[in-house]
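# Structural characterization, general
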Amino acid sequence: KEYFESGNFGMQLNKLSEAKAFYVAAVKLDSNFCDAWDNLSVCSRRMGNYQDAFIAGLHSVMIDSTNPVAWINSGYAAFLSNDLQISLMSFDHMQRIIPDDPEGYYGKSLVLYSMDSIYEARLNLDQAEKLYKSKKIRFGSEVYLLRGFIEYKCGNKKDAQIIFKKIYSKFQENAELNFYYGMCILENENNQDKSKKYLDRAKILGYKVEKD
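The sections below set out a description of the structure shown in this document. These numbers were taken from a predicted model, which means no experiment stands behind them. (Residues numbered from 1 in each chain as written. Predicted model: local features only at pLDDT ≥ 70, side-chain atom pairs only at ≥ 80, totals over all residues. Heavy atoms only, no water.)

### Quick look at the overall build of the protein chain
Put simply, the test is: Helix and strand assignments come from DSSP, with helices taken as H or I runs of at least 4 residues and strands as E runs of at least 2, each series counted from the N terminus. For every accessible area listed, the method is Shrake-Rupley and the probe measures 1.4 Å; residues are considered covered only by the protein chains on display.
Regarding its fold elements, the protein chain presents 12 helices and zero strands. Reading the protein chain from its N terminus to its C terminus gives the helix and strand order α-α-α-α-α-α-α-α-α-α-α-α. Across its three principal directions, the C-alpha atoms of the protein chain cover 65 × 35 × 35 Å. Surface exposure of the protein chain reaches about 12000 Å², of which carbon and sulfur atoms provide 51%.

See the structure below:
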C-alpha cells in the first residue's frame, strides 16, 4: 500500500518514471494487487509504453475478469499500439463479461471506426450512449467527437456539422475534425471562404486527403 500510494503521488505530480517504479514494487510484493496493476497500466500508457500497459492490464484481468478498468486499459493500450484486432478482442470480451458497462461499447466503436467498419461502429456508439443515459453517467466530449465522425462518414453532414460546431473549441487541434468540419460547411452552406479556414487548418495539422 505504501508503494501504491507513492506511485499515486508520483502520477499526480506527473513524475511517471518514479510512479511506475513504485507500482512495479507494489505488484512484486503482492501480485494480486489489482489497483496497482491498473494504475501501472495507466502510467505506462501515459509514458507511451503501450506493451507494458497492455501486459499490466492483462494481469489485472486475470485476477478479476469483472474489473472494467482492466479491460479498458488493455483495450486502449492495444489500440494505441495499432493492434486493432487485439483491441477489438479486449472490448468484445468486456461486453460479454460486463454487458451493462457503456465503456466497452464506446471502446469497441472507436476501434471499429478506425477499421472503417462504420455501420458497426455506429451501433456500438448508440448502445454506449443509451447506457450512459440510463445509468445517468455524464460522458465526455470525445463521445460527441466520435459521433460527429461517424455521422459524417454515414453522409449525415448536417448533423455532423452541428456536433462539430459545439465541440470545436475543445478539439481545434484535431486535423480530422478540421477537415470534416470544413467539408460540412462547404457542402451544407456552399461557403468556400469559411470552409477554407478549416481545410487549411487541417492541412497545417497534417491531414492528408485520400484520393478517390
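### Quick word on the packing of helix α1 (residues 2-12) against helix α3 (residues 34-46)
Note the following rule: All axes here are fitted lines through C-alpha atoms, helices being fitted over the stretch that makes contact, and every angle between N-to-C directions spans 0 to 180 degrees. Should an angle lie under 35 degrees it is considered roughly parallel, over 145 roughly antiparallel, and from 65 to 115 roughly perpendicular; all remaining angles are considered oblique. Crossings are sorted by hand: turned counterclockwise from the far helix by less than a right angle, the near helix makes the crossing left-handed, and turned clockwise it makes it right-handed. Should any heavy atoms of two residues lie within 4.5 Å, those residues are considered in contact. We call Asp, Glu, Lys and Arg charged. Ala, Val, Leu, Ile, Met, Phe, Trp, Tyr, Cys and Pro are nonpolar, and the rest, Gly among them, are polar.
As a packed pair, α1 and α3 sit with axes 11 Å apart at the nearest point and diverge in direction by 25 degrees. The angle between α1 and α3 places the two elements in the roughly parallel class. For the element pair α1 and α3, the recorded crossing hand is left-handed. Note on element contacts: α3 touches α1 through Asp35, Ala36, Asn39, Val42, Cys43 and Arg46, opposite Phe4, Asn8 and Met11. Its residues placed into classes, the contact of α1 with α3 shows five nonpolar, two polar and two charged.

### Structural notes on the environment of Tyr181
Formally: Only protein chains enter the accessibility calculation, which uses a 1.4 Å probe; a residue is then buried when its area is under 20% of its type maximum, exposed when over 50%, and partly exposed in between.
Looking at the secondary structure, you find Tyr181 in helix α11 (residues 175-189). Among the residues examined, Tyr181 registers a relative accessible area of 5% and is labelled buried. Expressed as a C-alpha distance, the spacing of Tyr181 and Ile162, which sit 19 residues apart in the sequence, is 9.3 Å.

### Section: the packing of aromatic side chains
Condition: Between rings of Phe, Tyr and Trp, where Trp is taken as its six-membered ring, a pair exists when centres lie within 6.5 Å; planes separated by under 30 degrees are stacked, by over 60 edge-to-face, and by other angles tilted. The criterion for a charge sitting over a ring is simple: Lys NZ or Arg CZ within 6 Å of the ring centre, and within 35 degrees of the ring normal.
In total, this model carries 17 aromatic pairs according to the counting rule given. Members of the aromatic cluster, connected to one another through ring pairs, are Tyr113, Phe149, Tyr152, Phe164, Tyr168, Phe179, Tyr180, Tyr181, Tyr198 and Tyr207. In this structure, Lys157 is placed above the aromatic ring of Tyr152, and the distance from its NZ or CZ to the ring centre is 4.6 Å.

### What to know about the nonpolar core
Basically, it comes down to this: Grouping buried Ala, Val, Leu, Ile, Met, Phe, Trp, Tyr and Cys residues that are joined through side-chain atoms within 4.5 Å yields what is termed a nonpolar core.
Within the largest apolar cluster, 45 residues are counted, with the highest numbers of intra-cluster contacts made by Tyr106, Tyr113 and Phe164. Looking at this core, the elements that each hand over two or more residues are α5 (68-80), α6 (84-97), α7 (102-114), α8 (118-134), α9 (141-153), α10 (157-167), α11 and α12 (192-204). Excluding residues within four positions of it along the chain, Tyr106 makes contact with Tyr76, Leu125, Ala128, Tyr132, Glu142, Val143 and Leu146.

### Here we look at the packing of α9 against α10
Close contact between α9 and α10 brings their axes to 8 Å; oriented N to C, the two are set at 155 degrees. One finds that α9 runs roughly antiparallel with respect to α10. You can see that α9 and α10 cross each other, and the crossing is left-handed. Note on element contacts: α10 touches α9 through Lys157, Ala160, Ile163, Phe164 and Ile167, opposite Tyr144, Leu145, Arg147, Gly148, Phe149, Glu151 and Tyr152.

### Thoughts on unusual backbone geometry
The phi torsion at Asn82 lies on the positive side, around 65 degrees, for a residue other than glycine. Phi angles above zero are rare outside glycine, and Lys136 is one such case at about 60 degrees. For Lys136, the location among the structural elements is in the loop between α8 and α9.

### Points about the environment of Ser44
The condition that has to hold: Here a polar contact means two N or O atoms within 3.5 Å. Within protein one must be a hydrogen donor candidate and the other an acceptor candidate, and residues neighboring in sequence count only if both atoms are side-chain atoms.
Of note, Ser44 is situated in helix α3. Along the primary structure Ser44 and Lys133 are separated by 89 residues, whereas in three dimensions their C-alpha atoms are 31 Å apart. Excluding its chain neighbours within four sequence positions, the residues that come into contact with Ser44 are Lys20, Asn49, Asp52 and Ala53. In terms of polar contacts, Ser44 uses its side chain to reach the backbone carbonyl oxygen of Leu40, at 2.9 Å.

### Quick notes on α10
We apply this condition: The reported arc concerns the directions from the helix axis to the C-beta atoms and nothing else.
For α10, the complete set of buried residues consists of Lys157, Ala160, Gln161, Ile163, Phe164 and Ile167. The buried residues of α10 occupy an angular sector of 165 degrees when the element is viewed end-on, so they sit on one face. Projecting away from the buried face of α10 at angles above 90 degrees are the exposed residues Lys158, Lys165 and Lys166. Those residues of α10 that are buried are in contact with α9 and α11.

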